[in-house]
Amino acid sequence: MRTRIFISVLVFLAILLIQQVYRSYRFVEENLVAHIGNLQKTVSDISARNFESYLLRLLSELASIASDSDVIRLNERGKSKLSAFQKVKKVFVKSLWMLDGKFNLIFFFPISAESERLFIEYKKEQAPKPILSPVISEPLADVKGEKSIPITFPVMEDGKFKGSIVVILREESLSNSFLTPLLNYSTQGFTGLADKDGKILWSISAINYQKVQEGYWSEQERENLRLQIASTNGNKAIYYSGSLPEATGKWIIGIAPINLGTDKTWYLISAVPSTTLESSLATYRIISLGMATVVALIFVSLLWALLRAQKESYIIKERAKLADEFELTLKERTAELASAKESLSIYAKNLEAQIEERTKKLKQSEEMYRQLVENVGTAIFILRGSKIAYVNPAFLASWKEKTQPSHWVGEELIYFVSKSRRPNILNALSRLNEGEEFITIGELEIEENESNKRIWEGTLKRVQLLERCLIIGFFNDITQRKTLERQVLQAQKLESMGRLAGGIAHDFNNILAAIFGHLTLLREEAQDKLTSEALNLISTVENAAKRAADLTKKLLVFTRRSEEVHHPVDINKSLNDVSELVRTSLTRGITFTVKKTEEKLVALADPIEVQQVLMNLCINAIEAMPDGGRLSITAGLVSREEDPSLPQDGDSVSKFVRIRVIDTGHGIDPSILPHIFEPFFTTKEVGKGSGLGLSIAYHIARKHNGYLCVDSDWGRGSVFTLYLPAALKGEELAGKREEYRFPNFSGSPPVLMADDEEMITAAAQKFFSNYGLTILTARDGVEAIDLFKKHQFEVPLVILDMRMPRMSGPEVFRLIHKINPNVTGILITGFSEEVDSGFLDNLGFKEIIRKPYTFEELSKTLAKYLLPLRKNAPEAASSLG
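Here the structure is a predicted model, which is why all the values come from computation and not from measurement. (Residues numbered from 1 in each chain as written. Predicted model: local features only at pLDDT ≥ 70, side-chain atom pairs only at ≥ 80, totals over all residues. Heavy atoms only, no water.)

Colleague: Which residues make up the nonpolar core, and what values go with them?
Modeller: Phe-51, Leu-62, Leu-82, Ile-165, Leu-169, Leu-174 and Trp-266 are the most contacted members of the largest nonpolar core, which has 40 residues in total. For this core, the leading source of residues is helix H1 (residues 2-66), giving 9 residues. Not counting the four nearest positions on each side in its chain, Phe-51 is found in contact with Leu-174, Phe-178, Leu-193, Trp-202, Ile-258 and Trp-266. Counting residues in each nonpolar core, the second largest holds 36 residues, with Val-578, Ala-605, Leu-614 and Phe-720 among its members. (Core = buried A, V, L, I, M, F, W, Y, C linked by side-chain atoms within 4.5 Å. Buried < 20%, exposed > 50% of the residue type's maximum accessible area, 1.4 Å probe, protein only. Helix = DSSP H or I, 4+ residues; strand = E, 2+ residues; numbered from the N terminus. Contact = heavy atoms within 4.5 Å.)

Okay, structure coming up:
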């Protein structure tokens, strides 16, 4: 009875042992698959983020280029900037195109027949319609069979679509940078890029390192891949077991979305064959089988010993026979055990070799991850609790003093966050510790000291590693981007001020034109009735109106709405005018002197812009001397040989007028001296300076073919030197103008004049009637057309204002020209930027008169076209005194 119970116990224990071996096998299998799958998912996610980061940076740079005014207008500087962009990024960027609003190719670089043929293929794929946001198209194959990826970026101006910039990325370069490194994980790996429909755009396989063609996928495999992609929801990485093209068996596949901020979402796919796991599991099965065999042998031996003990009496009787049989059996069992031992030894050696190989691959994989983390442009750090445990090189790049990883390990990150953002970070860390997976942080201000403050944005993610909760931070430094945003906002404010000033100047010109006309009319009508004192008063009003006109021109120059005219300028007179303005701006304790040579200083320049440059330099000098000092201006004539400080750039100009603005202020810090002429660069507090004063002065000097140089000693003062090309001997200052005599227009045909300012037309009509000329007047465009229809056979000349109610001057003239193609048109405008010679030729206008104009200017233009048409008119002329 006891023997049976003992045997039952042995059987039960054997069953439990076998069951435990089977459970161990299943546990190893499931955990190994899950480990490799999570590893593959992490590899895909990290590579996807790198690829996504690169494309987002490229889109950001394209946004900066697309907003550049030179690129929008596609002038020579704009073409140079586009070419330079392609040259810098030629490793990834094959070519760069510029399309107009009608989808026509207007510029491409580098210039090649392949680019033109590739554009034809691109145009077939992309519908010619306005593109209001970045579009990343599917890869195109060029004539060489290579794939290229077009990125189309809109070019907008004042909210209107002007065209687009197309960047052609090299698929091969992107594969080498973002896909090929993933093949190092496995000798039989696969990696590729797919869209949301499961279409493989481009891929690489380590089996034969050949690009995988889309046709190798079956519909079932494509549908399976599409469903797996859909399960990512476009924002998380996953893994699953599935099939690959031209490959047998199962694969462990990781999928990670790449969000590009456009209507396109790509998915990075990386995979390793499951055969690597199956070989390991097969080895483990063999070992388990060997262990089960040993257990069975032990169980049989025990059972046999029990039966032997039960039949001891029978065994004693047949001792000799059983001894021989036992000896033979013992030898057989000993041989089997020896064989089993040898097999187990071989299995152990093989298992050790496999473990060593897996360990080597694991170290290689860890090295690959380390290289990815340390070479990525994103700042990465790991927090253990609230203290820093690891930082990568991109993290260290944001700091000036703490530049070594050892400086950060054990530090509290919260101490380097600005006080205003510390509550947000503490709240985020608390939420992560309570179970949230990740939290996005926007515009995180960090500071090492008062002189080094940066702005980050990124994500804090909670991970579980070996029963330990860690927090990983992924952040990008956006300090430069935020600075550029502030500069763009400042530029927009300045542009708004310019538009307002331009509008005021335009309306003011209309008023001045009316004032000039009525003063001329008053002088003409009452010349014999007024006393000399009254006539002097009229002259005083005329001079005041001329000063107002000059002020308007300065205002238009400030808004860049006035034509820049370079003519001989008396520099001594300009210095006198500037001196009067500077003396009113001097603060207490500053002495001001002006030293001029006795020789005549004449420069070829715009007098208003010269005064603007000198005023900017003087105001800066005054601000550099808050405790008082000396400000002086010197002027003279120099040549390149006489002044070694004059840039020797081979320019044809040899003689220059040199103007120096010297102050005894605090000088300029040598560290910022190379940047003072850069736009928006300023050392003043926020809101107290635009950073445009010196950059505008430098720009004005260069467009005059001159130079603006600076010499400064830190703590001792500065010297700004302005060089302007000296006028040639034939370019002398204009002398006293001869008195103009108005011609007699009697016998000339009538003229049609249209302007919404009735004061202007009424004065002109009355004034020129005294000289025999009939002027028909209209207050808007529609009235002008109706009036011309009534007198179309009499009127050979029309004078039209650029801007009028209901219809503009060019629109009116277009209709008048259809009625009578022989009519002559003269355009009047208050903005010189609105017209140019090509504009006039296209509309058919012969002349342009800019407001405010005098009747003398108008008379000269009328005489040019009307006097040849008059009939038997006397030649007498009248003088306007």
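Colleague: I'd like to hear about the packing of aromatic side chains, residue by residue, with values.
Modeller: For any pair of aromatic rings, geometry is given as the distance between the ring centres together with the angle between the planes. Overall, the coordinates contain 21 aromatic pairs when judged by the stated rule. Pairing Phe-51 with Trp-266 gives two aromatic rings, centres 6.5 Å apart and planes at 40 degrees, and the pair type is tilted. Pair noted here: Phe-51 is in helix H1 and Trp-266 is in strand S11 (residues 265-273), with a separation of 215 residues, a long-range link. Residue Phe-51 shares its accessibility class with Trp-266, and that shared class is buried. Summarising the aromatic geometry, the rings of Phe-656 and Tyr-723 are spaced 6.4 Å apart at their centres and angled 85 degrees between planes, so their arrangement reads as edge-to-face. Within this pair, whereas Phe-656 is found in strand S21 (residues 655-663), its partner Tyr-723 is found in strand S23 (residues 717-725), the two being separated by 67 residues in sequence. Judged on exposure class, the residue Phe-656 and its partner Tyr-723 are both buried. An aromatic cluster is built from Phe-381, Phe-395, Trp-399, Trp-408, Trp-456 and Phe-475, whose rings are joined through pairwise contacts. (Phe/Tyr/Trp six-rings, centres within 6.5 Å; stacked < 30°, edge-to-face > 60°.)

Colleague: With reference to specific residues and values, describe the environment of Thr-591.
Modeller: Relative to the assigned elements, Thr-591 resides in strand S18 (residues 590-595). Each C-alpha atom of the pair Thr-591 and Gly-629 lies 6.5 Å from the other, and the pair is 38 residues apart in sequence. The contact partners of Thr-591, leaving out residues within four places of it in the chain, are Gly-629, Arg-630 and Leu-631.

Colleague: Tell me about the sheet that holds strand S28 (residues 824-829), and name the residues and values.
Modeller: Taken in spatial order, the 5 strands line up as S26-S25-S27-S28-S29 in an open sheet, and their pairing is parallel. Edge positions in the sheet fall to strand S26 (775-778) and strand S29 (845-850), since each of these pairs with one other strand and no more. On average, adjacent strands in this sheet sit at an angle of 20 degrees to one another, irrespective of strand direction. Summarising the sheet, S28 and S29 pair through 5 bridges and their orientation is parallel. Its bridge partner lying in S29, Ile-826 is registered against Glu-847. The strands touched by helix H19 (residues 809-819) are strand S25 (751-754), strand S27 (797-801), S28 and S29; relative to S27, the strand with the most contacts, the crossing angle is about 155 degrees. Sitting on the sheet, helix H21 (residues 855-866) is in contact with S25, S27, S28 and S29, with an inclination near 165 degrees to S29. (Pairing = 2+ DSSP bridges. Axes fitted to C-alpha atoms, helices over the stretch in contact; angles between N-to-C directions.)

Colleague: Tell me about the sheet that holds S23, and name the residues and values.
Modeller: The strand order across the open sheet built from 5 strands is S18-S20-S21-S23-S22, with neighbouring strands paired in mixed fashion. The open sheet has two free edges, formed respectively by S18 and strand S22 (707-713), since each of these has just one partner strand. Strand-to-strand, the axes of this sheet are offset by a mean angle of 15 degrees, without reference to chain direction. In the sheet, S21 pairs with S23 via 8 bridges, with the strands oriented antiparallel. Along S23, the bridge assignment pairs Asp-663 with Ser-718. Here helix H14 (residues 571-583) sits on the sheet and contacts S18, strand S20 (629-639), S21 and S23; the angle it forms with S18, its principal contact strand, is near 170 degrees. Sitting on the sheet, helix H15 (residues 607-623) touches S18, S20, S21, S22 and S23, and the angle it makes with S21 is about 25 degrees.

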